[in-house]
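Observations on the three-dimensional arrangement
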Amino acid sequence: MSAQNHPAPQAAAAPVIETRGLTKRFQGLVSVDAVSFSIAEDEILGVIGPNGAGKTTLVNMISGTYAPSAGEILFRSERINDLPAFRRAHLGIARTFQVMKPFPGMTVLDNVTVGALFGRDGGEKSMPRARETAREWLEFTGLGAKIEAQADALGGPDRKRLEFAKALAMGPKLLLLDEVMAGLNPVEVDEVVELIRKMRGHGMAMLVIEHVVKAIRSLSDRVMVLHHGEKIADDDPAAVLEDPRVIEAYLGKRRT
Ligand SMILES: Nc1ncnc2c1ncn2[C@@H]1O[C@H](COP(=O)(O)OP(=O)(O)OP(=O)(O)O)[C@@H](O)[C@H]1O
């Protein structure tokens, strides 16, 4: 099954996230250079580019970890440049991290319950409801049998599932997935691809940073390519992955 099998997102609907000329400079280095893009509800934008292209920095600006040096971030038409990260989480922006960080000394269920308590609109208001939400997302992500395990004892693939469940329990409208397939074998990659597919239709926009090109090709409605901080392509996956500039900048060096 490919992304083309899904109904096309409504072109006319207001985007969930939009950036205009978004820029981040670190001293002399321009890490993200005037990047403009948008993602609609239920749309998946794949983001690829060589190491150091600015992908994680882009996510860090959207989630509120880094303040932009220039440009605008609009979330459902509201300018959010100056909101702290927790306020963005309350609006419905959730992310996963490249290095998975479960809360140590806590069970799998407790980890995801924290997500449910601090999510959109301030999170679930009661502990029983938060735990119920956490259980539902742990079932959804395939960790239903491990809810009482210590989170820091989980193996790599299960840690990724936990990271998904934590983010989903926040009730996101925008989910930012930063290299969730790194370090997985091909079978595990396919499982994560299936999981992301299953997440479609839950009213989210998704930004998926990934080096596994096969996965990006099959998941994404559109693919954006960053190179030295600049956007060099943003189109449907087939067009982007055949673009000579993209092959030159990135794909020529990778055959995944
Ligand atoms: N806090 C920081 N201070 C200084 N430079 C930074 C900082 N964060 C990122 N950079 C620089 O910005 C550039 C883009 O980095 P970024 O991590 O966004 O790239 P990336 O595309 O996510 O790479 P990768 O695929 O390796 O994760 C790099 O040159 C990096 O060294």
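Residues numbered from 1 in each chain as written. Predicted model: local features only at pLDDT ≥ 70, side-chain atom pairs only at ≥ 80, totals over all residues. Heavy atoms only, no water.

The name recorded for the chain in an unreviewed UniProt entry is ABC transporter ATP-binding protein, from Acidimangrovimonas pyrenivorans.

1. Some remarks on the overall build of the chain
Selection rule: Working definition: helices are DSSP H or I runs of at least four residues, strands are E runs of at least two. Numbering for both runs from the N terminus. Computation of the radius of gyration draws on C-alpha atoms, with the globule rule given as 2.2 Å multiplied by the number of residues to the power 0.38. When accessible area is computed with a 1.4 Å probe and restricted to protein chains, residues below 20% of their type maximum are described as buried, those above 50% as exposed, and intermediate ones as partly exposed. Contact between two residues is taken to exist if any of their heavy atoms lie within 4.5 Å; hydrogens are not considered.
Helix and strand counts for the chain come out as 9 helices and 10 strands. Expected size for 256 residues packed as a compact globule is a radius of gyration near 18 Å; at 18 Å, the chain falls within 12% of this value. Judged by the C-alpha coordinates and their principal axes, the chain covers about 50 × 40 × 40 Å. The buried share of the chain, taken over its 256 residues, is 52%. Counting only contacts in the chain whose residues sit at least 6 apart along the sequence, the fraction spanning at least 24 positions is 67%.

2. Observations regarding the sheet that holds strand E7 (residues 174-178)
Sheets are built from strands paired through backbone hydrogen bonds, the pairs being either parallel or antiparallel. Definition in use: Strands pair, by our definition, only if DSSP identifies at least two bridges between them. Note on geometry: axes are C-alpha line fits, over the in-contact stretch for helices, and angles between N-to-C directions span 0 to 180 degrees.
Spatially, 6 strands are ordered E6-E7-E8-E3-E9-E10 in an open sheet, and the strand pairing comes out mixed. Lying at the two open borders of the sheet, with one neighbouring strand each, are strand E6 (93-95) and strand E10 (230-235). Each neighbouring strand pair of the sheet contributes to a mean axis angle of 15°, computed without reference to strand direction. Here 4 bridges tie strand E3 (residues 44-48) to strand E9 (residues 222-227), and the two strands are oriented parallel to one another.

3. Describing the pairing of strand E2 (residues 29-39)
Sheet analysis places strand E1 (residues 17-26) next to E2, joined by 7 bridges and oriented antiparallel. Looking at the pairing, Thr19 lines up with Phe37 of E2. Counted along the chain from E1 to the antiparallel partner E2, the turn is 2 residues long, and its residue Gln27 has a positive phi close to 45°.

4. Remarks on the domain arrangement of the chain
Rules: Here the limits of each domain have been adopted from an automatic or database domain assignment. We define buried area as the total accessible area lost by two parts upon association, computed with a 1.4 Å probe and summed across both. Only one rule defines a salt bridge in this text: a Lys or Arg side-chain nitrogen within 4 Å of an Asp or Glu carboxyl oxygen.
Per the domain assignment, the segments making up the chain are domain 1 (1-92 + 204-256) and domain 2 (94-171). At the junction of the two partners, domain 1 supplies 10 residues and domain 2 supplies 10 residues. With both chains or domains summed, domain 1 and domain 2 bury close to 690 Å², and 52% of this area falls on carbon and sulfur atoms. Its largest share of buried area at the contact with domain 2, domain 1 owes to Ala89, His90 and Gly92, together 54% of the area lost on that side. Where domain 1 touches domain 2, the interface holds 0 salt bridges.

5. Considerations on the layout of surface pockets
Here the idea is plain: a probe the size of a water molecule rolls over the atoms and shows the empty space left. Stated formally: Whether a set of points on the 1 Å grid over the protein atoms alone is a cavity depends on a 1.4 Å probe fitting there but being unable to get out, while an open set qualifies as a pocket with protein on both sides within 12 Å along at least five of seven lines; lining residues are those with an atom within 4 Å of a point. Grid points are joined across faces, edges and corners, and a volume is the space filled by probe spheres set on the points. Residue polarity is assigned by list, with Asp, Glu, Lys and Arg as charged and Ala, Val, Leu, Ile, Met, Phe, Trp, Tyr, Cys and Pro as nonpolar; anything else, Gly included, falls into the polar class.
Counted as a void, the largest pocket has a volume near 480 Å³. For the largest pocket, the lining is made up of 19 residues, of which Ala89, Arg95, Phe97, Phe103 and Met170 are closest to its centre. Broken down by secondary-structure element, the contributors of at least two residues to the lining of the largest pocket are helix H2 (85-91), E6, helix H3 (108-117) and helix H5 (156-169). At 4 residues, H2 tops the list of elements feeding residues into the lining of the largest pocket. Broken down by class, the residue content of the lining of the largest pocket amounts to 11 nonpolar, 4 polar and 4 charged. When we break the lining of the largest pocket down by domain, the ones giving at least three residues each are domain 1 (1-92 + 204-256) and domain 2 (94-171).

6. With respect to the packing of H3 against helix H4 (residues 127-140)
Convention followed: By the definition adopted for this analysis, an angle is roughly parallel if under 35 degrees, roughly antiparallel if over 145, roughly perpendicular if from 65 to 115, and oblique otherwise. Take the far helix as your reference; a near helix turned counterclockwise from it by less than a right angle gives a left-handed crossing, and one turned clockwise gives a right-handed crossing.
For the pair H3 and H4, the least separation of the axes is 8 Å and the interaxial angle reads 115°. Classified by the interaxial angle, the pair formed by H3 and H4 is roughly perpendicular. Between H3 and H4 lies a crossing of right-handed hand. When H3 is examined against H4, the residues Val108, Leu109, Asp110, Val112, Thr113, Ala116 and Leu117 are found in contact with a partner set consisting of Met127, Ala130, Arg131, Thr133, Ala134, Arg135 and Leu138.

7. Notes on empty space enclosed by the protein
As enumerated under the stated definition, the model contains 1 cavity of 30 Å³ or more in all. Put simply, the largest cavity is a space of about 50 Å³. Mapped onto the lining of the largest cavity, the elements with two or more residues apiece are H5 and helix H6 (186-199). Take the lining of the largest cavity: its biggest share by element is 4 residues, from H5. Split by residue class, the lining of the largest cavity holds 4 nonpolar, no polar and 4 charged.

8. Concerning the environment of Lys160
As for its position among the elements, Lys160 is in helix H5. In the structure, Lys160 is positioned 59 residues away from Lys101 in sequence and 9.7 Å away in space, judged by C-alpha atoms.

9. Looking at the pattern of salt bridges
For the structure shown, the criterion picks out 15 salt bridges. Close ionic contact of Arg20 with Glu72 constitutes a salt bridge, the shortest N to O distance being 3.7 Å. With a gap of 52 residues between them, Arg20 in strand E1 and Glu72 in strand E4 (residues 70-75) connect regions that are remote in the sequence. Glu72 serves as the salt-bridge partner of Arg79, at 3.0 Å between the closest nitrogen and oxygen. Looking at Arg79, the relative accessible area reads 42%, which means it is partly exposed. Overall, Glu72 belongs to the partly exposed group, its relative accessible area being 24%. Through salt bridges with shared partners, a single ionic network connects Glu18, Arg20, Glu72, Arg79 and Asp82.

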